[in-house]
Amino acid sequence: LCKFRVWLYLIQDLNISIDDFLNQNDKFALPNLGLKFFVGNSLVGDYEPTELHDTLHVGDYQGSLSGNYDDGGLIEKIATLRKEYVNAHSNEKQEIHAEIQRLTDDLDDKISWESSEHWMTEPVSELSNSEPFKWSIKVPEVILEGGFDIVIGNPPYKGGTNPDYVTALSDFYEQRREEYVKPVRKMVYDRYQKFVFRGEELVRDGGVYTYIVNSTFRTIATKTSTRNLLQSNRLQEILLTNIDTFDAAVNAAIFSLRHADARNQNYQMRYVNGLEAPITSYRNLIHLPALPDDGTDHVRNITDTDDLQAYQVPVDMYRNSIRGSFFEPDEIKEEVYRNYITPANNLIAEWKEELYDVDRQRDNLDEIKEQHLDQLKPGDVTLLGLITWGGEGLKTSNNKEHIAYINGSESAERVKDRNDSFRFVEQNENAYNFINRVIQDEHTIDPQELTKEERFNGIVSNERDGRTWVPIEKGASTSDVYYKPTEQYINWSKESLEKIRNRRGGRIRDPSYYFRRSVFASRGGAGKYKTKARYINNAVVDSSGVVLVPTTDQLPSKYLLGILNSEVTKYVLYHFINGTLNVQAADMRVIPVPVPTADQLDNIIESIDAAIAVQKNNSERSLDDVQSEIDEKIADLYGLDVEYIPRWY
């Protein structure tokens, strides 16, 4: 399905002379395959061309592609000639080719593409470097038979900068396919997902459809549509492959399905984990038992080898997972699924708009409190996005102009050392980590002194004697957990905020969740932290993280620190919500959180206070020691044994 060029060398070993070969060309020449290869943008053109098959049987070609003519068997003629061309030779070959081209051009001219509901009008208008691909006239013999028997693809996982037509194509599918959803606001729409939808359009009913894709499609929010599409068909197998299988830079997975409407069926499928298996062991997969026709509700492990794990799984288990995510249904994950993922998914369905739209969440806090928070009791499961509100922090788009180090911090000393003619408050010539200002305590103001107007719209400088600098939480290194000393400040003057708002790329976002006792959470990276959370109070937050303001005293900030920094949550995030390091705010909002008893809460907060003391250098304990204690307590809270939770990293 990709745009490609093919060099094809066909060699036939014949025990005859060249003269005999030339004289018997019709007998010995290889088939003509030229009409089997095409170049074009296979994603953009006619939509669901295989629907033409149904309309042709009742003689209503216009009903499918808005052709205002009587086709008179034109498509059948093209299909017949294309078949004849395969074994044609010499002049006959040239004549057939010319006739095919003439009839194809005639068909193309007669179809009213632009007025058809099956023509991708907007995506086509955005094309600049390629032509739309008209499947209905390129392979009419396939279309007449309802589509391809088998569609195999290896779509590009990442296509660099997306051309404009990709966004238009996303809008097109959203309007026409119920499986296509936009679960993340302002998400990037890549071509990878479009290839998945395009492939399914081209396979006939009952045909086989299989792709090699990046394995991250199993969990990440942006691939929810792909999972919806697979689960609405008769999905047969997902195989996670050893990274060496395709010599690729990513872990690949292979999915295979039968094209059939199975949305109301709970059928059995296979999930195979071959990540640690040698490639030679994959041949054993042909000996796996056949899938049953019934939709039994239990999971069955169908291999007993250590390196290759295969399961028969009811597809409803995945349909009822968070955003339809696919996970390996081993014993531990099955338990997590039953106790936390299923109730979490029910809450997501009930509060979907509030969870994915921070403005709606803020406007409906009273409704969330009355209908959900006030009903919670120990042992219940809630979601991080229902017990907190907030969002991503601001972006200055020019930190040198708006951000400064506080005098006495290590970073401030670095700026001083780099500038011989150093001056306070003003920008210096040489920066450290993109910041070249240093301020003193006399330039700062305690956020608690600010009026509501000043918190939202900035400080009038001469009314505060020039004290306009307030703390800002920035940074997301692996050491930034539980607590981080404040060393950066932002100029919160009206003039400064106005510049941020008017600068391209600058965003203030919603100041209503700044200057609060809350949690600053950022996504993880290399190492053991998938998310990193720390306690903050009375500060602005920047876009390197998400601010989470608790909405109930029953689940305070320090308790949430324990949840977010725990091994259990990293495990849940990785296997059920987002299997990459690139955890987003939308992922954090759907983390399932158990409601503790009073004793459990006090016990966990005691350990959080110990971690904060370590980070403040007020304790002789190591952070690793305290973290192990926190992991054990959080695992106990979830009813799991931390020793049996495989680490995600």
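Participant: Would you mind going over the pattern of salt bridges with me for this structure?
Facilitator: Pairs can form between side chains of opposite charge once their charged atoms are near each other. The full count for this structure, using the stated rule, is 39 salt bridges. Put simply, aspartate 108 and lysine 134 hold a salt bridge, and the shortest N to O gap is 2.8 Å. Residue aspartate 108 is found in helix α6 (residues 90-110), and its partner lysine 134 is found in the loop between β2 (132-133) and α8 (135-138); the two are separated by 26 residues along the sequence. The partner of glutamate 413 in a salt bridge is lysine 416, with the nearest N and O atoms 3.4 Å apart. Taken as a pair, glutamate 413 and lysine 416 lie in helix α20 (residues 410-418) at a separation of three residues, close to a single helical turn.

Participant: Honestly, α6 in this entry has me stumped. Any pointers?
Facilitator: Side chains three or four residues apart in an α-helix point the same way, a direct result of the helix having 3.6 residues per turn. Taking 1.5 Å as the rise per residue, α6 with 21 residues should run 30 Å; its terminal C-alpha atoms sit 31 Å apart, in good agreement. All buried positions along α6 are accounted for by Ile96, Ile100, Leu103, Thr104 and Leu107. Taken around the axis of α6, the buried residues stretch over an arc of 105 degrees, which confines them to a single face. Opposite the packed face of α6, turned more than 90 degrees from it, sit the exposed residues Asn91, Gln94, Glu95 and Asp109.

Participant: Honestly, the packing of aromatic side chains in this entry has me stumped. Any pointers?
Facilitator: With the rule as written, the count across this model stands at 27 aromatic pairs. Taking 5.5 Å as the distance between ring centres and 80 degrees as the angle between the ring planes, the aromatic pair formed by tyrosine 209 and phenylalanine 255 counts as edge-to-face. In this pair, tyrosine 209 sits in strand β4 (residues 203-214) while phenylalanine 255 sits in strand β6 (residues 252-258), placing the two residues 46 residues apart along the sequence. A relative accessible area of 0% means that tyrosine 209 is categorised as buried. Look at phenylalanine 327 and tyrosine 337: their rings are 5.6 Å apart centre to centre, the planes differ by 35 degrees, and that puts the pair in the tilted class. Here phenylalanine 327 is found in the loop between α13 (315-319) and α14 (331-350), whereas its partner tyrosine 337 is found in helix α14, with ten residues between them in sequence. Judged by relative accessible area, phenylalanine 327 falls into the buried class, the value being 1%.

Participant: Before we go on, may I ask you to explain helix α22 (residues 494-502) in this structure?
Facilitator: Every buried residue of α22 is listed here: Ser496, Leu497 and Ile500. Take α22 and look down its axis: the buried residues cluster within an arc of 95 degrees, on one side only. The inward-facing, buried residues of α22 abut α19 (399-402), α21 (452-457) and β15 (488-491).

Participant: What exactly am I supposed to notice about the confidence of the model for the protein here?
Facilitator: A low pLDDT means the predicted coordinates there should not be read in detail. Across the protein, the average pLDDT comes to 86, with 88% of residues at 70 or higher. Confidence over residues 1-12 falls short of pLDDT 50; this stretch has 27 contacts with residues more than four positions distant or in other chains. Contacts for the low-pLDDT stretch residues 53-70, under 50 throughout, to residues beyond four places or in other chains number 41 contacts.

Participant: Quick question: what am I supposed to make of the environment of threonine 219 here?
Facilitator: On the secondary structure map, threonine 219 appears in the loop between β4 and α12 (224-232). The buried category is assigned to threonine 219, whose relative accessible area is 3%. Between the C-alpha atoms of threonine 219 and threonine 580, which are 361 residues apart in sequence, the distance is 8.6 Å. When sequence neighbours within four positions are dropped, the list of residues in contact with threonine 219 reads Arg227, Arg323, Ser325, Phe326, Tyr574, His575, Phe576, Ile577, Asn578 and Gly579.

The rules we used
Residues numbered from 1 in each chain as written. Predicted model: local features only at pLDDT ≥ 70, side-chain atom pairs only at ≥ 80, totals over all residues. Heavy atoms only, no water. Salt bridge = Lys/Arg side-chain N within 4 Å of Asp/Glu carboxyl O. Helix = DSSP H or I, 4+ residues; strand = E, 2+ residues; numbered from the N terminus. Expected span 1.5 Å × (residues − 1). Buried < 20%, exposed > 50% of the residue type's maximum accessible area, 1.4 Å probe, protein only. Arc of directions from axis to C-beta. Phe/Tyr/Trp six-rings, centres within 6.5 Å; stacked < 30°, edge-to-face > 60°. Contact = heavy atoms within 4.5 Å. pLDDT = per-residue confidence, 0-100.

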